[in-house]
Amino acid sequence: MDSLIRKISAYVALTDEDVEIIQSLFKVKQLKKKEFFLQEGEIARYVGFLDTGIVRYFVDVDGVCKTYEFGREGDFFSEYESFIGLIPTTKNIQALEDCTYYEIGRADLDKLYGLLSQGERLGRLVIQQLFIDGMKKLASLYSDGPEERYLKFRAMFPDLEQRVSQYHIANFVGVEPSSLSRIRRRMIGSK
């Protein structure tokens with residue numbers, strides 16, 4: 001659980017007692033490649049923290065899957081609109097590799113916020129970061145062209161290009177795989 005402890009301590013200072021609380025409330029889980037953490041129509045009841053592996057977030061629009069986010073080692077993941085509102089989700093979270101993660105349910109997360117010496121601050125800082133990241137992605141969707149989105153993908157996820165299929169990368173960027181190939185060729189040619 002060292003990676004989870006490091007991630008949380010990047011937000012707030014942790015006491016030895018805090019570490020014990022975290023270790024008691026998070027449970028280790030596994031996802032196999034292509035297995036779902038959450039599917040459309042379900043209510044998100046857990047937040048995960050990826051120790052190993054990659055997940056993708058996507059929506060199904062009239063039978064066409066549209067990837068809008070990736071989670072990788074060191075990331076918290078869930079569908080927060082569903083988790084916070086206790087409403088069925090319209091989104092999916094699926095493993096792209098075998099994953100090991102730490103999971104916490106709503107009641108235990110509330111306990112965590114109450115028991116940690118800086119638990120409420122932790123919750124606020126994590127939510128603020130999620131909000132900022134979401135706003136940046138939304139702005140990029142409306143203001144950036146495919147090439148700019150691809151460059152941002154590479155900057156945000158420098159290690160994923162070798163681990164994620166071209167199809168999923170193209171889908172995330174918002175282009176067909178053949179268009180992504182052309183973007184890559186242009187970028188190589190302009191160096």
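Look up: the structure comes first, before these words.
In this text the structure is predicted, and so the values were computed from the model without any measurement.

Trainee: When you look at the packing of aromatic side chains in this model, what are you seeing that I'm missing?
Mentor: Aromatic ring pairs: the centre-centre distance and the angle between the two ring planes describe each pair. A complete count under the given rule lists 13 aromatic pairs for this structure. Residues Phe-36 and Phe-58 carry aromatic rings whose centres are separated by 6.2 Å and whose planes lie at 55° to one another, so their mutual orientation is tilted. Residue Phe-36 is found in strand S2 (residues 36-38), and its partner Phe-58 is found in strand S4 (residues 55-61); the two are separated by 22 residues along the sequence. On the accessibility criterion, Phe-36 (29% relative accessible area) is partly exposed. With relative accessibility at 4%, the residue Phe-58 sits in the buried group. Note on Tyr-150 and Phe-153: the rings are 6.5 Å apart at their centroids and 15° apart in plane angle, and the pair reads as stacked. One end of the pair is Tyr-150 and the other is Phe-153, both in helix H6 (residues 146-156) and three residues apart, which spans about a single turn. There is no split in this pair, since Tyr-150 and Phe-153 are both buried. One aromatic cluster is present, built from ring pairs that chain together Phe-70, Tyr-150, Phe-153, Phe-157 and Phe-172. Stacked on the ring of Phe-58, the Lys or Arg Arg-56 has its end atom at 3.8 Å from the ring centre. For the cation-ring pair, Arg-106 lies above Phe-83, with the distance from its terminal atom to the ring centre recorded as 5.0 Å.

Trainee: Before we go on, may I ask you to explain the sheet that holds S2 in this structure?
Mentor: Backbone-to-backbone hydrogen bonds join strands into a sheet, with any given pair of strands oriented parallel or antiparallel. Taken together, the four strands give an open sheet; going across it, the order is S2-S7-S4-S5, and neighbouring strands pair in antiparallel fashion. Here the strands that pair on one side only, and so sit at the sheet edges, are S2 and strand S5 (64-71). When strand polarity is set aside, the average angle formed by the axes of neighbouring strands in this sheet is 30°. Both S4 and S5 contribute to a ladder of seven bridges, which runs antiparallel.

Trainee: Help me out: how do you make sense of helix H1 (residues 2-11) in this one?
Mentor: An α-helical turn contains 3.6 residues, so a residue and the one three or four places further along point in the same direction. Of all the positions in H1, only Ser-3, Leu-4, Ile-5 and Ile-8 are classed as buried. Against helix H2 (16-25), strand S3 (46-52), strand S6 (76-77), strand S8 (99-105) and helix H5 (119-143) lie the buried residues of H1.

Trainee: Help me understand helix H8 (residues 177-189) in this model?
Mentor: Compared with an ideal rise of 1.5 Å per residue, which puts 13 residues at 18 Å, H8 spans 18 Å between its outermost C-alpha atoms and is within 8% of the ideal. On its buried face, H8 sits against H6 and helix H7 (166-173).

Trainee: How do you make sense of the pattern of salt bridges when you look at a structure like this?
Mentor: Pairs can form between side chains of opposite charge once their charged atoms are near each other. Summed over the entire model, instances satisfying the criterion amount to 12 salt bridges. One salt bridge connects Glu-81 with Lys-91, and the closest N-O pair in it is separated by 3.3 Å. Taken as a pair, Glu-81 in helix H3 (residues 80-85) and Lys-91 in strand S7 (residues 91-95) lie far apart in primary sequence, 10 residues in all. Of the residues examined, Lys-91 reaches a relative accessible area of 17% and is grouped as buried. Overlapping salt bridges, with partners in common, bring together Arg-72, Glu-73, Glu-97, Asp-159 and Arg-163 in one network.

Trainee: What should I look at first to understand the sheet that holds S3 in this one?
Mentor: The antiparallel open sheet is built from four strands, whose spatial order is S1-S8-S3-S6. Of all strands in the sheet, those bounded by a partner on one side alone are strand S1 (27-31) and S6. Across six bridges, the pairing between S3 and S8 is antiparallel. Bridged to Gly-48 within S8 is Glu-103. Strands S3 and S8 of the sheet are contacted by helix H4 (residues 106-115), whose axis makes an angle of about 75° with S8.

Quick notes on the rules
- Residues numbered from 1 in each chain as written.
- Predicted model: local features only at pLDDT ≥ 70, side-chain atom pairs only at ≥ 80, totals over all residues.
- Heavy atoms only, no water.
- Phe/Tyr/Trp six-rings, centres within 6.5 Å; stacked < 30°, edge-to-face > 60°.
- Helix = DSSP H or I, 4+ residues; strand = E, 2+ residues; numbered from the N terminus.
- Buried < 20%, exposed > 50% of the residue type's maximum accessible area, 1.4 Å probe, protein only.
- Lys NZ or Arg CZ within 6 Å of the ring centre and 35° of its normal.
- Pairing = 2+ DSSP bridges.
- Axes fitted to C-alpha atoms, helices over the stretch in contact; angles between N-to-C directions.
- Contact = heavy atoms within 4.5 Å.
- Expected span 1.5 Å × (residues − 1).
- Salt bridge = Lys/Arg side-chain N within 4 Å of Asp/Glu carboxyl O.

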